[in-house]
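# Descriptive structure summary
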Amino acid sequence: MAALSICEALMLALNDHKILPEKEFVGILEDAANAHENAVGLDGGKEMHEQVARLIKGIIAGGNSVRRP
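These lines cover the structure that appears in this document, whether it is placed above or below. (Residues numbered from 1 in each chain as written. Predicted model: local features only at pLDDT ≥ 70, side-chain atom pairs only at ≥ 80, totals over all residues. Heavy atoms only, no water.)

A separate point is unusual backbone geometry. Leave glycine aside and you will find that most residues have negative phi; peptide bonds, for their part, are mostly trans. Residues other than glycine seldom take positive phi values, yet Lys18 does so here, at roughly 55 degrees. Within the fold, Lys18 resides in the loop between helix H1 (2–16) and helix H2 (22–39). (Helix = DSSP H or I, 4+ residues; strand = E, 2+ residues; numbered from the N terminus.)

What follows deals with the packing of H2 against helix H3 (residues 46–62). Direction vectors running N to C along H2 and H3 enclose 160 degrees, while the axes themselves pass 8 Å from each other. With respect to their mutual orientation, H2 and H3 come out roughly antiparallel. Our pair here, H2 against H3, has a crossing hand that is left-handed. Contacts between H2 and H3 involve Val26, Leu29, Glu30, Ala32, Ala33, His36, Glu37 and Ala39 from the first element and His49, Val52, Ala53, Ile56, Lys57, Ile59 and Ile60 from the second. When its residues are assigned to classes, the contact of H2 with H3 shows 10 nonpolar, two polar and three charged. (Axes fitted to C-alpha atoms, helices over the stretch in contact; angles between N-to-C directions. Parallel < 35°, antiparallel > 145°, perpendicular 65-115°, else oblique. Left-handed = near helix turned anticlockwise from the far one by under 90°. Contact = heavy atoms within 4.5 Å. Nonpolar A, V, L, I, M, F, W, Y, C, P; charged D, E, K, R; others polar.)

Listed below in structure tokens is the structure:
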């Protein structure tokens, strides 16, 4: 949870300072979710990877990290 909070704060700061646009952050989150979906079964942590992918997709849908309405 600490890592997620730190990453979220960094993403917000980068967006606030116009270093990277919202579109880039959504792409980063999508890549991360896809990586976990593709990792399912590789290390025996199928359920954990599925949960992480769902969490990231929830962030994208909710706009938490990019302050979308």
